[in-house]
Amino acid sequence: MHSSDSTRSALIVGAGIAGLTTATALARRGWRVEVVEAGASGATAGWGLSLTGPSLRALDGLGLAGQCLAAGHGMSVITNVDVNGDTNLIELPRLIGDDRPAMAGIARPELHRILRTEALRLGTRIHYGLSVSALRQDGGRTRAELTDGTARAVDLLVGADGIRSGVRDLIGCVAPIRYHGQMVWRARVPRPGWADSIHTFAGESHQTGVVPISRSHAYVFLTENGVPSDVLPDAGLAARMADLLAPFTGRVAEVRPEVARSGSVIRRPVRTALVDASWSDGTTVVIGDAAHAPSPQMASGAALAIEDGLVLTQELDRYADIRAALGAFTDRRRERCSAVVRTSVAIARLEQERRHRDAYPLIDACHQRMAQPA
Ligand SMILES: Cc1cc2nc3c(=O)[nH]c(=O)nc-3n(C[C@H](O)[C@H](O)[C@H](O)COP(=O)(O)OP(=O)(O)OC[C@H]3O[C@@H](n4cnc5c(N)ncnc54)[C@H](O)[C@@H]3O)c2cc1C
């Protein structure tokens, strides 16, 4: 990529939520954008995602909230059923207007399809099965050597390559990945008629729940405590998750046979990571999970990732000097993102100690904070 004209150029590493939304935000501002993604095209796993109010607000900033709501399932109430069967309803704040839902459930492949389509429509080039092997600062630009033997010299390089970020390593940023002794399970099931919004159910040991992701489907989630960070064979996951749900009665017992039959069950470790020092080196910056990965329980990783792209673009608009823009970007994002990661760590600890009730005020305070503009 050569900037022989005045168009600024960016290379984004990773075509996940952060990478694709940043590509769209930059392309909208006239940047020439290329994305390299290590995985194969369309390789996104099939489980669902909760897009909280701040996620929808950030997507709305890119003009994409409407499409996500149409492809997913909008909702504004969470029904929490405690261990005694008592019900507590939470009305969620509607951050994108009183006439639109507060949040949405969506299948990950659908979200990625929407994000990818928009980035491509704006002229972004996306290369799959490709990554960076070396980075060097060179006269105010970043020179990247790619794994296919080619190289790019760009005005900006964005590492949006997730919690195990290779870009983070290449620029010498340190972010220890911490495992918190929990596994998160998700199973895609036909949507039960009563699951028109999120329902959670607290058990003696685990918490579970149902999140609608379309008119026809939902996902069942479960957090398992006190387990080593091991990998189980895919073939046994549905039966194992159904076993973990066995102590639950009522509506969970009703969906349990569907979990046992589900062909789409995932089990992922609860891990967090946070870059403490600078998120950038020269004109290279890390964003999304590469800079700050919260645990899934906060359902806020997508919001932080999309906000990153918007805020980064705003700061690049404000400063002609890219290094100054990256410094301002990190200054604006650090406290908000760190707070979500810190809350995640605290929740994981409280859940491990079976103190779910003590976690609720922390989760609530963090969501209140996230409701404030980015
Ligand atoms: C089980 C689970 C459930 C979750 N549920 C929710 C939820 O409901 N709501 C929510 O908001 N958040 C949720 N999260 C968190 C959310 O998924 C992440 O915060 C979000 O995906 C971060 O986006 P990202 O683009 O930064 O990283 P990623 O989504 O990890 O994307 C990184 C991309 O970079 C690619 N990549 C990696 N290495 C390289 C490389 N070296 N070169 C090129 N490409 C590379 C990867 O293949 C991937 O496509 C959940 C997380 C987990 C694990």
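Parameters at a glance
- Residues numbered from 1 in each chain as written.
- Predicted model: local features only at pLDDT ≥ 70, side-chain atom pairs only at ≥ 80, totals over all residues.
- Heavy atoms only, no water.
- Helix = DSSP H or I, 4+ residues; strand = E, 2+ residues; numbered from the N terminus.
- Rg over C-alpha atoms; globule rule 2.2 N^0.38 Å.
- Contact = heavy atoms within 4.5 Å.
- Areas by Shrake-Rupley, 256 points an atom, 1.4 Å probe, with all protein chains shown as cover.
- Lys, Arg positive; Asp, Glu negative; His and termini not counted.
- Charge placed at Lys NZ, Arg CZ, Asp CG, Glu CD.
- 1 Å grid on protein atoms, 1.4 Å probe; cavity = no way out; pocket = protein on both sides within 12 Å on 5 of 7 lines; lining within 4 Å.
- Points joined across faces, edges and corners; volume = space filled by probe spheres on them.
- Salt bridge = Lys/Arg side-chain N within 4 Å of Asp/Glu carboxyl O.
- Buried < 20%, exposed > 50% of the residue type's maximum accessible area, 1.4 Å probe, protein only.
- Pairing = 2+ DSSP bridges.
- Near = heavy atom within 4 Å.
- Polar contact = N/O pair within 3.5 Å; in protein donor to acceptor, adjacent residues only side chain to side chain.
- Nonpolar A, V, L, I, M, F, W, Y, C, P; charged D, E, K, R; others polar.
- Domains from an automatic or database assignment.
- Buried area = accessible area lost by both parts, 1.4 Å probe.
- Core = buried A, V, L, I, M, F, W, Y, C linked by side-chain atoms within 4.5 Å.
- Axes fitted to C-alpha atoms, helices over the stretch in contact; angles between N-to-C directions.

1. Things to note about the overall build of the protein
Helix and strand counts for the protein stand at 10 helices and 20 strands. For the protein, whose C-alpha radius of gyration is 21 Å, the value lies close to the compact-globule estimate of 21 Å for 374 residues. Along the first, second and third principal axes, the C-alpha set of the protein runs to 65 × 45 × 35 Å. When contacts within the protein are restricted to residue pairs at least 6 apart in sequence, long-range pairs at least 24 apart make up 72% of them. Split by element, the accessible area of the protein, about 15,400 Å² in all, is 49% carbon and sulfur. Across the protein, the 42 positively charged side chains and the 39 negatively charged ones have centroids separated by 2 Å.

2. A look at the layout of surface pockets
Within this model, the second largest pocket holds a volume of roughly 1,200 Å³. Lining the second largest pocket are 44 residues, and of these Ile 78, Asn 80, Thr 200, Tyr 360 and Ile 363 lie nearest its centre. Element by element, the count of residues in the lining of the second largest pocket is highest for helix H10 (residues 356-371), at 8 residues.

3. As for the pattern of salt bridges
When the charged atoms of two side chains with opposite charge come close together, those side chains can pair. Following the criterion strictly, the structure yields 23 salt bridges and no others. Here Glu 118 and Arg 28 are joined by a salt bridge, their closest N and O atoms 2.6 Å apart. With Glu 118 in helix H4 (residues 108-121) and Arg 28 in helix H1 (residues 17-28), the pair connects residues that are 90 residues apart, well separated along the chain. Residue Arg 28 is classed as partly exposed on the basis of its relative accessible area, which comes to 38%. Here Glu 353 and Arg 355 are joined by a salt bridge, their closest N and O atoms 2.6 Å apart. With relative accessibility at 38%, the residue Glu 353 sits in the partly exposed group. Residue classification places Arg 355 among the partly exposed residues on the basis of a relative accessible area of 36%.

4. Some thoughts on the pairing of strand E3 (residues 48-51)
The alternating pattern of E3 places Gly 48 and Ser 50 and Leu 49 and Leu 51 on opposite faces, both of which are buried. In this sheet, strand E7 (residues 103-107) lies alongside E3 in antiparallel orientation, the contact comprising 4 bridges. Each residue of the ladder has a partner; that of Gly 48, found in E7, is Ala 107.

5. Structural notes on the site of the ligand
Neighbouring residues of the ligand: 29 residues in total, closest Ala 18, Glu 37, Arg 108, Ser 131 and Asp 289. Contact between the ligand and Arg 108: an oxygen atom at 2.7 Å from a side-chain N or O atom of the residue. In this structure, Ser 131 approaches the ligand through a side-chain N or O atom, which is 2.7 Å from a nitrogen atom. The set of elements that each furnish at least two residues to the shell around the ligand consists of H1, strand E2 (32-37), E3, strand E17 (265-274) and helix H8 (301-318). Looking at the shell around the ligand residue by residue, the class counts come to 15 nonpolar, 8 polar and 6 charged. Taken together, domain 1 (9-74 + 104-177 + 272-371) and domain 2 (180-271) each give at least three residues to the shell around the ligand, which thus spans both.

6. A few points about the domain arrangement of the protein
Taken as a whole, the protein is organised into domain 1 (9-74 + 104-177 + 272-371) and domain 2 (180-271). Computed over C-alpha atoms, the centres of domain 1 and domain 2 are 26 Å apart. Domain 1 puts 29 residues into the contact, and the matching count from domain 2 is 26 residues. Both sides together, the interface formed by domain 1 and domain 2 hides about 2,100 Å², and carbon and sulfur atoms give 51% of it. When the buried surface of domain 1 facing domain 2 is broken down by residue, Trp 47, His 73 and Gln 352 rank first, second and third, together holding 28% of it. When residues of the side of domain 1 that touches domain 2 are assigned to their parent elements, the largest contribution, 4 residues, is made by helix H9 (residues 322-352).

7. Thoughts on the nonpolar core
Note on soluble globular proteins: their nonpolar side chains tend to be buried together. With 80 residues, the main nonpolar core has Leu 51, Leu 156 and Val 285 as its most contacted residues. The element that contributes the greatest number of residues to this core is H8, accounting for 9 residues. For Val 285, the residues in contact, after removing those within four places along its chain, are Leu 156, Leu 157, Val 158, Gly 159, Trp 279, Ser 280, Leu 312, Leu 326 and Phe 329. Judged by nonpolar contacts, the second largest core, of 23 residues, contains Trp 185, Trp 194, Val 210 and Val 259.

8. Observations regarding the environment of Ala 71
Among the secondary structure elements, Ala 71 is positioned in helix H3 (residues 65-71). In sequence terms Ala 71 and Leu 111 are 40 residues apart; their C-alpha atoms lie 8.0 Å from each other. Setting aside its immediate chain neighbours within four residues, Ala 71 contacts Ile 106, Glu 110, Arg 113, Ile 114, Ile 213 and Ser 214.

9. A look at the sheet that holds strand E18 (residues 280-281)
If you trace the 6 strands from one edge of the open sheet to the other, you get E8-E2-E1-E12-E19-E18, paired in mixed fashion. Edge positions in the sheet fall to strand E8 (125-128) and E18, since each has one partner strand and no second. Where H9 meets the sheet, it contacts strand E12 (156-159), E18 and strand E19 (284-286), and its direction lies at approximately 15° from that of E19.

10. Quick notes on the environment of Ala 365
Looking at the secondary structure, you find Ala 365 in helix H10. Linking Ala 365 and Thr 343, residues 22 residues apart in sequence, is a C-alpha distance of 9.2 Å.

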